[in-house]
Amino acid sequence: MARVYNFSAGPSMLPESVLNRAAAEMLDYNGSGQSVMEMSHRSRVYEEIIFGARELFREVMGIPGNYQVLFLQGGASLQFAAIPQNLLNGSRKADYVVTGQFANKAYQEAQKFGEIKLVASSKAQNFSVIPQLEPEAFTRDADYFYICHNNTIFGTKWDLLPETGGVPLVADISSSFLSEPMDVSKFGVVFGGAQKNIAPAGLTILIVREDLIGRARANTPTVMDWKAVADNDSMYNTPPCWPIYICKLVLEWIQMLGGLPAIQERNEHKAKLLYDYLDGSAMFRNPVPPRFRSLMNVTFVAENEELNKAFVKEAEANGLVNLKGHRSVGGMRASIYNAMPVEGVEALVEFMKEFERKRTP
Ligand SMILES: *Cc1c(COP(=O)(O)O)cnc(C)c1O
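Not measured: the values here are computed from a predicted model.

## Things to note about the sheet that holds strand S4 (residues 115–121)
Reading across from one edge, S2-S10-S9-S8-S5-S3-S4 is the order of the seven strands in this open sheet, with mixed pairing throughout. On the outer flanks of this sheet lie strand S2 (67–72) and S4, each paired with one strand and no other. When strand polarity is set aside, the average angle formed by the axes of neighbouring strands in this sheet is 20°. Of the strand pairs in this sheet, strand S3 (residues 93–98) and S4 are connected by six bridges, and their pairing is parallel. In the strand pairing of S4, aspartate 95 is matched with lysine 117. Across the sheet, helix H2 (residues 44–61) touches S2 and strand S10 (204–209), and the angle it forms with S2 is around 130°. Sheet strands touched by helix H4 (residues 101–110): S3, S4, strand S5 (144–148) and strand S8 (169–172). Its angle to S3, the strand with the most contacts, is close to 155°.

Here it is as structure tokens:
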């Protein structure tokens, strides 16, 4: 069967060249006579993979020297609890902005650990915008300030980061990781699950400023304590060996394409194709004001539910799969992560045009 264009929000597409390389190396990685899936994580051959992936990560993202890159498990969701456990240990206060479902989950989880303030929310706008912030409402002595950088379900992204002064900014970047250059020095912590833009599910990556390591509360489980992970080179316990290997291949692919500036250009081109069509369409519409539009997740609806259903079904029959919107939003969502080729977006736009034309009297 021919490969489809998969618009899933995650797990999602991986670059075909990476899949081919992994397939070629499946039974015998680099003359070791073993698959990466079978190797001891303590072996020299595996150390080259994990340390190589970590170094490449630093290089590709331009991560400053006073930050550490940690490879973790448990998904972004585990970090919703690990963040307060590791950071909420001074004033035990933190500020959260709720811009969607994942931000809300993080906000709810943090409440188990201290005094958590909701400084802004866009729930009243059904999360179609990033809310206006009032800096007077920020907690001056907060241990951290939390945002979700790209809202996977609602298709929004922060345009300007909040100015939090000396309070460390913590961001969930699960669905915007490696999609464009990012100034890591503006954050205390960024983290995300790998299954959107980096690797198969099972790997979580956390980039943390060194002075924020070693502050965990005394009752923090050891595997959740960033210091235990950092002190053991992300091998306090067995790491997700295979996803880390794929992560390395994906980073090499990004480098081969010209790094994050080239990736950004490609992603902006893809997103523009889709948004331009939506803005000119009489049938489909995107509810997000341009300045808050996500580069990675494009939501859209047709005039009625019947058309939405027909669209998803016919698209699938044409090899354009997983376009159904999240159950909390309805309509459609095209996730166009790094690995989605330009041709995939062009095929989607062509299909939409044809769908609209056939139904326009
Ligand atoms: C997918 C996603 C999550 C959840 O990730 P898990 O790895 O399943 O825990 C959290 N935040 C954002 C922004 C996401 O896109």
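## Notes on the site of the ligand
Near the ligand, the surroundings consist of 13 residues, among which Ser77, Thr152, Asp172, Gln195 and Lys196 are the closest. Take alanine 76: an N or O atom from its main chain is 3.1 Å from an oxygen atom of the ligand. A distance of 2.9 Å separates an oxygen atom of the ligand from a polar atom in the side chain of glutamine 195. In isolation the ligand exposes 390 Å². Once the protein is present, 86% of that is buried. A per-element tally of the shell around the ligand places helix H3 (residues 75–87) first, with four residues. Taken together, the residues of the shell around the ligand sort by class into four nonpolar, seven polar and two charged.

Reading guide: rules and limits
- Residues numbered from 1 in each chain as written.
- Predicted model: local features only at pLDDT ≥ 70, side-chain atom pairs only at ≥ 80, totals over all residues.
- Heavy atoms only, no water.
- Pairing = 2+ DSSP bridges.
- Helix = DSSP H or I, 4+ residues; strand = E, 2+ residues; numbered from the N terminus.
- Axes fitted to C-alpha atoms, helices over the stretch in contact; angles between N-to-C directions.
- Contact = heavy atoms within 4.5 Å.
- Near = heavy atom within 4 Å.
- Polar contact = N/O pair within 3.5 Å; in protein donor to acceptor, adjacent residues only side chain to side chain.
- Areas by Shrake-Rupley, 256 points an atom, 1.4 Å probe, with all protein chains shown as cover.
- Nonpolar A, V, L, I, M, F, W, Y, C, P; charged D, E, K, R; others polar.

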